[in-house]
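Reading the structure
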Amino acid sequence: LTTIIEILKPYFKNINRKKALDLGCLVGRASFELAKDFDEVLGIDFSANLINVGVKLKLYDNLIYKSKNQNSIFEEKRVSLKDLNLDDIKEKVSFMQGDPSNLKDVYKDFDLIFCSNLIERVSNPLKVLQDIQHRINNNGLLIFLSPIAFIEENNLKENLNNFESLEIINVSSDSQINILKKKS
């Protein structure tokens, strides 16, 4: 995700950078990366367990976890925001548990909404896209990273009439970043 956020940075120059939403944030890595460029970042995910990782990263110097190696043996690993050069921006990030298909009305007025591999994981992707359109400020960005086939098969971009497509970046043979700007 660090590389993807770096690819997106030129687009941030032309928008307000007060508030960003990382919708479907998982453990919050992109939320922390976005905080380098935005005053306030909110990460929302359906899974409280995943969000808890981001919360713990903010609270503690180190987070220790176990990961399976290629021999199916668990190895203990450590991660810290300091090691990732993200410690100085952690106060700009907050996390909430929420259903992307049914967000509370208080989640609005964002200059950027970032969705990484979210749209294809929800039960009603069209409902999510229609809902988040109203949560973005005029001239704000909607960015989603998804499998190319999923976007095309579901005609998702046709239902985003309030947005103009700025660019589509293929990041692999089957995945793309869609960068859309909300019209004034």
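Notes on the structure follow. (Residues numbered from 1 in each chain as written. Predicted model: local features only at pLDDT ≥ 70, side-chain atom pairs only at ≥ 80, totals over all residues. Heavy atoms only, no water.)

**A few points about the sheet that holds strand S9 (residues 175–182)**
Across the sheet, 7 strands lie side by side as S5-S2-S1-S6-S7-S9-S8; this open sheet has mixed pairing. Looking at the sheet topology across the chains shown, the edges are occupied by strand S5 (93–97) and strand S8 (163–170). Recorded for the sheet is a direction-independent mean angle of 15° between the axes of neighbouring strands. Lying on the sheet, helix H1 (residues 2–12) is in contact with strand S6 (110–116), strand S7 (136–147), S8 and S9; it crosses S7 at an angle near 155°. (Pairing = 2+ DSSP bridges. Helix = DSSP H or I, 4+ residues; strand = E, 2+ residues; numbered from the N terminus. Axes fitted to C-alpha atoms, helices over the stretch in contact; angles between N-to-C directions. Contact = heavy atoms within 4.5 Å.)

**Some thoughts on the pattern of salt bridges**
Using the criterion set out here, one finds 7 salt bridges in the structure. Asp37 serves as the salt-bridge partner of Lys9, at 3.0 Å between the closest nitrogen and oxygen. Of this pair, Lys9 sits in helix H1 while Asp37 sits in the loop between helix H2 (29–34) and strand S2 (40–45); the two residues are 28 residues apart in sequence, bridging distant segments of the chain. Residues joined in a network through salt bridges with shared partners are Glu6, Lys9 and Asp37. (Salt bridge = Lys/Arg side-chain N within 4 Å of Asp/Glu carboxyl O.)

**A few points about the state of the cysteines**
Counted under the stated rule, the structure contains 0 disulfides. Not part of a disulfide, Cys25 finds its nearest cysteine sulfur in Cys115, a span of 11 Å. Note on Cys115: relative accessible area 1%, which makes it buried. (Disulfide = S-S within 2.5 Å. Buried < 20%, exposed > 50% of the residue type's maximum accessible area, 1.4 Å probe, protein only.)

**Some remarks on helix H4 (residues 125–133)**
Residues Pro125, Val128, Leu129, Ile132 and Gln133 constitute the buried set of H4. Seen from one end, H4 has its buried residues packed into an arc of 135°, which puts them on one side. (Arc of directions from axis to C-beta.)

**What to know about the nonpolar core**
Counting residues in each nonpolar core, the largest one holds 30 residues, and the members touching the most others are Leu8, Leu112, Phe114 and Ile143. Contributions of two or more residues to this core are made by H1, H2, helix H3 (48–59), S5, S6, S7 and S9. Top element by residues in this core is H1. It accounts for 5 residues. Apart from residues lying up to four places away in sequence, Ile143 is in contact with Leu8, Phe12, Leu112, Ile113, Phe114, Cys115, Ile177, Asn178 and Ile179. In terms of nonpolar packing, the next biggest core, distinct from the first, is built from 21 residues, Phe110, Cys115, Leu142 and Leu180 among them. (Core = buried A, V, L, I, M, F, W, Y, C linked by side-chain atoms within 4.5 Å.)

**Focus on the side chain of Arg135**
Relative to the helices and strands, Arg135 is located in the loop between H4 and S7. Within polar-contact distance, the side chain of Arg135 engages the side chain of Asp131 at 2.8 Å. Residues in contact with Arg135, not counting those within four places in the same chain, are Leu103, Lys104, Asp105, Tyr107, Lys108, Asp109, Phe110 and Ile113. (Polar contact = N/O pair within 3.5 Å; in protein donor to acceptor, adjacent residues only side chain to side chain.)

**With respect to unusual backbone geometry**
Of note in the backbone geometry, Asn85 takes a positive phi value of approximately 60° without being a glycine. According to the relative accessible area criterion, Asn85 is exposed, its value standing at 60%. Phi at Asp109 is positive, roughly 65°, even though this residue is not glycine.

**Considering H3**
Given a rise of 1.5 Å per residue, 12 residues ought to cover 16 Å, and the 16 Å separating the end C-alpha atoms of H3 matches this to within 8%. Of all the positions in H3, only Ile51, Gly54, Leu57 and Lys58 are classed as buried. Mapping the buried residues of H3 onto a view down its axis gives an arc of 110°, with all of them on the same face. Set apart from the buried face of H3 by more than 90 degrees, the exposed residues are Asn49 and Leu59. Close packing links the buried residues of H3 with H2, S2, strand S3 (63–68), strand S4 (74–79) and S5. (Expected span 1.5 Å × (residues − 1).)

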